[in-house]
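# Fold and contact review
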Amino acid sequence: MESVNIKELNERIQKESAFTDLLTLEMGKVIVGQKHLTDNLLIGLLSGGHILLEGVPGLAKTLAINTLAQAVDAKFSRIQFTPDLLPADVIGTLIYSQKKEAFEVHKGPVFANFILADEINRSPAKVQSALLEAMQEHQVTIGDETYKLPEPFLVMATQNPIEQEGTYPLPEAQVDRFMLKVVVSYPKKEEERLIIRMNNEQEFPKANPVVTPQEIMKAREVVKQVYMDEKIERYIVDLVYATRTPEDYQLKEIKDFISYGASPRASISLSLASKAYAFIKRRGYVIPEDVRAVAPEVLRHRIGLTYEAEAENVTSDQIVEKIINAVIVP
């Protein structure tokens, strides 16, 4: 009976996920290479998770989310985080109207479907925390009133790994709110040649709307229906537990490098991201490879490193890789 259901589910998801190919194709018109980035943007979009992007300037981080907003026909907002930014500049404020002799709500740039929080670590904690309520609750409080944000709502924050003077590192609680942390690398030589050619054209290519926000919301419901076996659930829990008690998984050598492991939010994010990845791959069920594909992005920012790790130049990526290789695949 179950196998029949999975067969039906598989056929249904193959139909329902057809638009992901269109979205990828449309983004490919503007973004050269960076397939890893576009895949993770789609995972975030389909699973309702926010994305933290890390990379040096000029790697099309802003262009990627702007292109996605165009392809989804949604409202896009860019907030440049600077040291003098105030919470009101992000969420909005109450302005006194002399004509009406009353306070009126002036909504901030956070009232959009896609938010690009550019260089989020350049602003003080109070501005970062103003964005926190929006990310977690999908609502904003201005004065005494609470306002719902439009759906789908996706925050893509960028941070620059170089030039750390005058920055405000994101606190652990806020970093944990991001479902994925994607590290963007330089393009290949051939891709860079194409980028030069594209920018020298008379007109820079633009993405056309191929899907509506309503269709994205519907797809999110379908993503939740992707079948996940108990063995996969146990595998996800094992991966997360290996970050907390590595000695239980024959990983004694990394125990001294971890100050704290991933939270239960990591397990939730791993399961949702795996389902979204399976959906993108046009499958109605999750396989271990889906979990392994999204694990580095879900776990890398949720592992606290000790002074020993920093002294020995051990990165969270190296720890995640060891965990993925050590935990037994079902």
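What you see is a predicted model, and the numbers here were worked out from it, not measured in a lab.

### Overview of the pairing of strand β4 (residues 102-107)
Sheet topology note: the strand β3 (residues 92-97)/β4 ladder contains 6 bridges and is antiparallel. The residue of β4 that forms the bridge with L94 is V105. The loop that links β3 with its antiparallel partner β4 comprises 4 residues; one of these, E101, has a positive phi angle of about 55°.

### Examining a nonpolar patch on the surface
A contiguous nonpolar surface patch, about 390 Å² in accessible area, is contributed by L94, Y96, F103 and V105. Counting residues per element, the ones that place at least two in the nonpolar patch are β3 and β4. Position of V105 relative to the elements: it lies in strand β4.

### Regarding the sheet that holds strand β1 (residues 50-54)
The strand order across the open sheet built from 5 strands is β2-β5-β8-β1-β9, with neighbouring strands paired in parallel fashion. Two strands close off the open sheet at either side, each with one partner strand: β2 (76-80) and β9 (178-183). Put simply, the sheet's adjacent strands are angled 20° from each other on average, direction ignored.

### A word on the pattern of salt bridges
One pass over the structure, following the stated rule, counts 14 salt bridges. Here R122 ties to E119 by a salt bridge, and the two come within 3.1 Å at their closest N and O atoms. When its relative accessible area of 22% is taken as the criterion, E119 is described as partly exposed. Note that D290 is salt-bridged to R283, the shortest N-O span being 2.7 Å. In terms of burial, D290 and R283 fall into one category: buried. By sharing partners, the salt bridges in this structure join D176, R265 and R302 into a single network.

### Quick look at helix α4 (residues 61-72)
When the terminal C-alpha atoms of α4 are compared, their 17 Å separation across 12 residues agrees well with the 16 Å that a helix rising 1.5 Å per residue should span. For α4, every residue scored as buried is listed here: K61, A64, I65, T67, L68, A69, A71 and V72.

### Comments concerning the side chain of S269
Among the structural elements, S269 can be located in helix α12 (residues 264-280). When sequence neighbours within four positions are dropped, the list of residues in contact with S269 reads M179, V298 and R302.

### Regarding the nonpolar core
General note: in soluble globular proteins, nonpolar side chains tend to be found buried as a group. Core analysis: the largest hydrophobic core is formed by 74 residues, its most contacted members being L23, L68, V72, F114 and L270. Among the elements that line this core, the one with the most residues is α12, at 8 residues. The contacts of L23, once residues within four sequence positions are left out, are L42, L45, L68, A71, V72, V210, V211 and I216. With 26 residues, the next largest nonpolar core counts L52, I79, L85 and A117 among its residues.

### A word on the environment of E104
Here E104 lies in strand β4. For E104, a relative accessible area of 32% puts it in the partly exposed group. For the pair E104 and L42, spaced 62 residues apart in the sequence, the C-alpha separation amounts to 37 Å. When sequence neighbours within four positions are dropped, the list of residues in contact with E104 reads T93, L94, I95 and S97.

### As for the side chain of T243
With respect to the helices and strands, the residue T243 is situated in helix α10 (residues 230-244). Its relative accessible area of 0% is what places T243 among the buried residues. Look past the residues within four positions of T243 in its chain and what remains in contact with it is I258, G261, A262, I303 and I323.

Calculation notes
- Residues numbered from 1 in each chain as written.
- Predicted model: local features only at pLDDT ≥ 70, side-chain atom pairs only at ≥ 80, totals over all residues.
- Heavy atoms only, no water.
- Pairing = 2+ DSSP bridges.
- Helix = DSSP H or I, 4+ residues; strand = E, 2+ residues; numbered from the N terminus.
- Patch = residues over 30% accessible without salt bridge, like charges linked within 9 Å, V, L, I, M, F, W, Y side chains within 5 Å.
- Areas by Shrake-Rupley, 256 points an atom, 1.4 Å probe, with all protein chains shown as cover.
- Salt bridge = Lys/Arg side-chain N within 4 Å of Asp/Glu carboxyl O.
- Axes fitted to C-alpha atoms, helices over the stretch in contact; angles between N-to-C directions.
- Buried < 20%, exposed > 50% of the residue type's maximum accessible area, 1.4 Å probe, protein only.
- Expected span 1.5 Å × (residues − 1).
- Contact = heavy atoms within 4.5 Å.
- Core = buried A, V, L, I, M, F, W, Y, C linked by side-chain atoms within 4.5 Å.

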